[in-house]
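Below are the chains, spelled out letter by letter.
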Amino acid sequence: MLTAFRWLIRIVSALIGLGVILALLAYYILSRSLIDYSEDFAVSGVSAPVEIVRNNDNVPHIFGKTDEDVFFALGFAHAQDRLWQMTMLRRTAQGRLSEIYGPATVKVDELMRRFDLYGLAVQSVGAQDPETLAALTAYSAGVNAWIEEVNKGARGRGAPEFFLFSREISAWAPADSIAILKLMALQLTGSLQTEVQRARVSLLLPNERLADILPDDPGQGIAALPDYASLMPGVEPRSEPLDFALGPFSPVAEPGKAGASNAWAAMPGRSAAGGSLLANDPHLNLTAPTIWYLARLELSSGGVIGGTIPGVPVVLVGRSESLGWGLTTAYVDDQDVVIEELNPENPEEYKTVEGWAAFESRSSIIKVKDAEPVTVTLRWSKNGPILPGSHYELTSITPKGHVAAISWTALSGADTSISGAMRLMRAKAIPEALEAGRLHVAPAQNLTLADGSGIAMQVVGVLPARDPGHPSQGRMPALGSDARVGFKGALPYEDNPRFVNPGSGLLGNTNNKTVDRPFPLHVSFDWGDTQRIQRWLTLMKAREVHTRESFIEAQLDTVNPTARSLLPLIGADLWFTGEAAPEGTPERLRQRALLLLSEWNGEMNEHLPEPLIAEAWMRALMDRLIRDELGEMADSFTHISPVFMERVYRNVGGASVWCDVIQSAAVESCTDLSRIALDEALLQLTEKYGDNIESWRWGDAHEAAHDHPVLGEVAFVKYFVNIRQSTSGGDDTLMRGVTRGTGEEPFQNVHAAGYRGVYDFADPDSSVFISATGQSGHPLSRHYDDLGELWRRGEYIPMSLDPELARAAAAGVMVLTPAE
């Protein structure tokens, strides 16, 4: 027995030793791709030495003799820190994910091939102005210079992920950068999904109830629209939930997550220090690393600093010495679903106003790892690419003998958006910046500007022109054989909404409705916010003059206007009611919850239980209100609709009828449903978080999920690459953290401000910014998540353009010299 025990100890010790050796070996191999930020390189492609000065937060400050040298160095720095992320963005746009991931991503690749975003990007290269083309070429050379260093040196293949997947890295090209912007356009639009959802729901509900559940804006109904059955005879109602997901790396936004952001600005007269102020925090899906990369470029036109996207040589949001710019999604209705009728005698033809016309078509082969290649036939009508019914749930709204074409402003082979962004970076004042917006095609954005003397906001991006007689006004699919259907070109840039130096001295946008214009100059019928804008207005009116600190305070505000307005309505007959109930009963638990909520100010603080109770209650109530009318289709409404719930509880247009469960004999009141929903929510929370209601924490449910897109689901590894943080805020707070809405963790924070910046032109070097994770994409780097904790706590880092200060605070200086 003693001998066996000794051998057991030896075996266990040997296994532990072997494990340690393997771990050290793995660390050594993976750490080879960590960057020495003080290493110098001799490279081909620069005309003179270029400095990349990195501070302790790993923000590069790039100084070069020419603009081309600066863009070369930016490409070099992007590739050093985010090579894997860049190649994945490019593969997604090209429709080539399945070459390394196998069958799981075939559907994504098929969609990208059908949209042909990369082909359009290649065509668009020739449409750029000479300065932009020179910048794209130099940037590509910088990326390729680092790839060459990886190939010739023992640098761990450039990133740890390349050990698990193909190590082949194609040379970077100017079209790759343009393609990434087009990919962003797809991620930031939700018009197609909204059209499909509206069509499906209209088949289940009468028009007046459709006006409740899919309202355009408070006070507006949609009863004047024809129902979808009359637009598209032969489509049967279906109650199955909508599923727009395409699997891993899907660029298709879920409803409510197509894009969100905040931006506001104050004129010098509304600033305590006498200079314009600008704050901006664009919201995107959270990932590790974040999509944003902070950088400063010293160009011939002056220094610029802010947020870039790896793969794109542009400071998309940020400032120069004299101008600041921010972006928010404009919610332009930039997509239409056009139903093309097939010729029953020849399915390669479709019906037009003039008669039958042939589709343009070609084949495309998708290579699939560990599987046979997939050949897809790509077809286009005059209205755009044809998508199969398996994408966007189109089969559920397409009659037999028809197919769906997609019209979309981003499908341009002469896309000059990146040229517009280049000119914006070089602009000295608002008039130049507004003119630069003329070149922007997609994605449509609200461009908020501030310079030394004023502020402005301009919708940039193509607004499609539609026939005033369009049968659905572009809000639901319509037949392509109708002459009134389809895009009729584009509206002139002068028709894009513009606001310059308003009398109030303040401008702001939270994806709210910006203009009230009739169709077809309407911009959109569907907007991204009705709630945050109310809180912003309250905060702005609270002060006569503002400061950098007051703008930061607004950016980090966690008061929920939805809870403040809805809870008094849905609980109107429940507050302080009922007889005393013994501990441990549902009645007692309800009373404790209502007491907490009655004393709550609506602050979505991560340490409080009230936000969790309120969100769970409203979520349960939303589901109970709609499930009996919509059936399984209710699963498609993953977040509460504040406007809908207010309509119901104020009985706007008879909307209180939603409270009655139509499948029961009794007539339920809205008070009944509120009480039942609260009890249901409390039961679920008790099962998950225990009986002590006062100990519940919103932050435990509302963790920010910065997940690695590739390794985030791999057992054991995910604990090293995913970043999870307890966070405040919620769906409708200015410090927005959109909840997942589905699954076992419905309140998880999955969509938030990956970048925050506040710029003060009374003292530009006092401006600040932050990103959500860190600068490096390498999980072993200390810069993988070092900014994340600052971001979580609402802290910022300096955003100075002073060259001497950058050099004095340098944690590493890299010099690129011309190779002999």
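Above this note sits the structure.
Below is a summary of the structure that appears in this document. Remember, it's a predicted structure, so these values are computed and weren't measured experimentally. (Residues numbered from 1 in each chain as written. Predicted model: local features only at pLDDT ≥ 70, side-chain atom pairs only at ≥ 80, totals over all residues. Heavy atoms only, no water.)

## Topic: the packing of helix H6 (residues 130-152) against helix H7 (residues 174-187)
Which entries qualify depends on this criterion: Axis lines are fitted through C-alpha atoms, for helices just across the contact stretch, and the angle between N-to-C directions can take any value from 0 to 180 degrees. Starting at the N terminus, helices and strands are each numbered in turn, a helix being any DSSP run of H or I of at least four residues and a strand any DSSP run of E of at least two. Angular relationships are summarised with four words: roughly parallel below 35 degrees, roughly antiparallel beyond 145, roughly perpendicular across 65 to 115, and oblique for the angles in between. The contact definition used throughout considers only heavy atoms, calling two residues in contact when any of these lie within 4.5 Å. Gly is put with the polar residues, along with every residue not named as nonpolar or charged; the nonpolar set is Ala, Val, Leu, Ile, Met, Phe, Trp, Tyr, Cys and Pro, and the charged set is Asp, Glu, Lys and Arg.
The contact between H6 and H7 brings their axes to 8 Å, and the two run at 105°. Considering their axes alone, H6 and H7 lie roughly perpendicular with respect to each other. Taking contact as the criterion, the partners of Leu136, Thr137, Tyr139 and Ser140 in H6 are, on H7, Pro174, Ser177 and Ile178. Split by residue class, the contact of H6 with H7 holds 4 nonpolar, 3 polar and no charged.

## A look at the side chain of Asp281
Formally: For every residue, the accessible area obtained with a 1.4 Å probe (protein chains only) is divided by the maximum for its type, and the residue is called buried under 20%, exposed over 50%, and partly exposed between those limits. For this count, His and the chain ends are skipped, Lys and Arg are scored as positive, and Asp and Glu as negative. A pairing counts as a salt bridge when a side-chain nitrogen of Lys or Arg comes within 4 Å of a carboxyl oxygen of Asp or Glu. N or O atoms closer than or at 3.5 Å make up a polar contact, with two conditions inside protein: a donor-capable atom paired with an acceptor-capable one, and, for residues adjacent in sequence, both atoms drawn from side chains.
Here Asp281 shows up in strand S5 (residues 277-285). In this structure, Asp281 is buried with no salt-bridge partner, the nearest side chain bearing the opposite charge being Arg756 at 5.3 Å. Polar contacts involving the side chain of Asp281 include one to the side chain of His283, which spans 2.8 Å. When sequence neighbours within four positions are dropped, the list of residues in contact with Asp281 reads Ser261, Asn262, Gln555, Leu734, Ala753, Tyr755 and Arg756.

## Let's talk about the pairing of S5
The line we're drawing: Note on pairing: DSSP must find at least two bridges between two strands before they are called paired.
Taking burial as the measure, the 9 residues of S5 include 8 buried ones, the bulk of the element. In this sheet, S5 lies alongside strand S4 (residues 260-266) in antiparallel orientation, the contact comprising 7 bridges. Its bridge partner lying in S5, Ala260 is registered against His283. Note: S5 against strand S26 (residues 755-760), 4 bridges, orientation antiparallel. For Leu278, the partnering residue across the bridge sits in S26 and is Tyr759. Pairing geometry for S5 and strand S25 (residues 749-753), over 3 bridges, is antiparallel. Along S25, the bridge assignment pairs His283 with Ala753.

## Let's talk about the pattern of salt bridges
One pass over the full model with this rule turns up 45 salt bridges. With its nearest N and O atoms 3.2 Å apart, the salt bridge here joins Asp129 to Arg423. A residue pair is termed long-range when its members are at least 10 positions apart, and Asp129 in the loop between helix H5 (117-124) and H6 and Arg423 in helix H11 (residues 417-426) qualify at 294 residues. Here Asp129 falls in the buried class, since its relative accessible area comes to 11%. By relative accessible area, Arg423 is classed as partly exposed at 43%. For the salt bridge of Lys688 with Glu745, the shortest nitrogen-to-oxygen distance reads 3.0 Å. A residue pair is termed long-range when its members are at least 10 positions apart, and Lys688 in helix H19 (residues 670-689) and Glu745 in the loop between strand S24 (737-739) and S25 qualify at 57 residues.

## With respect to the sheet that holds strand S18 (residues 455-460)
Reading across the sheet, the 11 strands line up as S1-S29-S2-S3-S6-S7-S8-S9-S17-S18-S20 and stay open at both edges, with mixed pairing between neighbours. Both edges of this open sheet fall to strand S1 (41-43) and strand S20 (498-500), since each of them pairs with a single strand only. On average, each strand axis in the sheet is inclined to that of its neighbour by 20°, with strand direction left out of account. Bridging between strand S6 (residues 293-299) and strand S7 (residues 302-308) involves 7 bridges; their strand directions are antiparallel.

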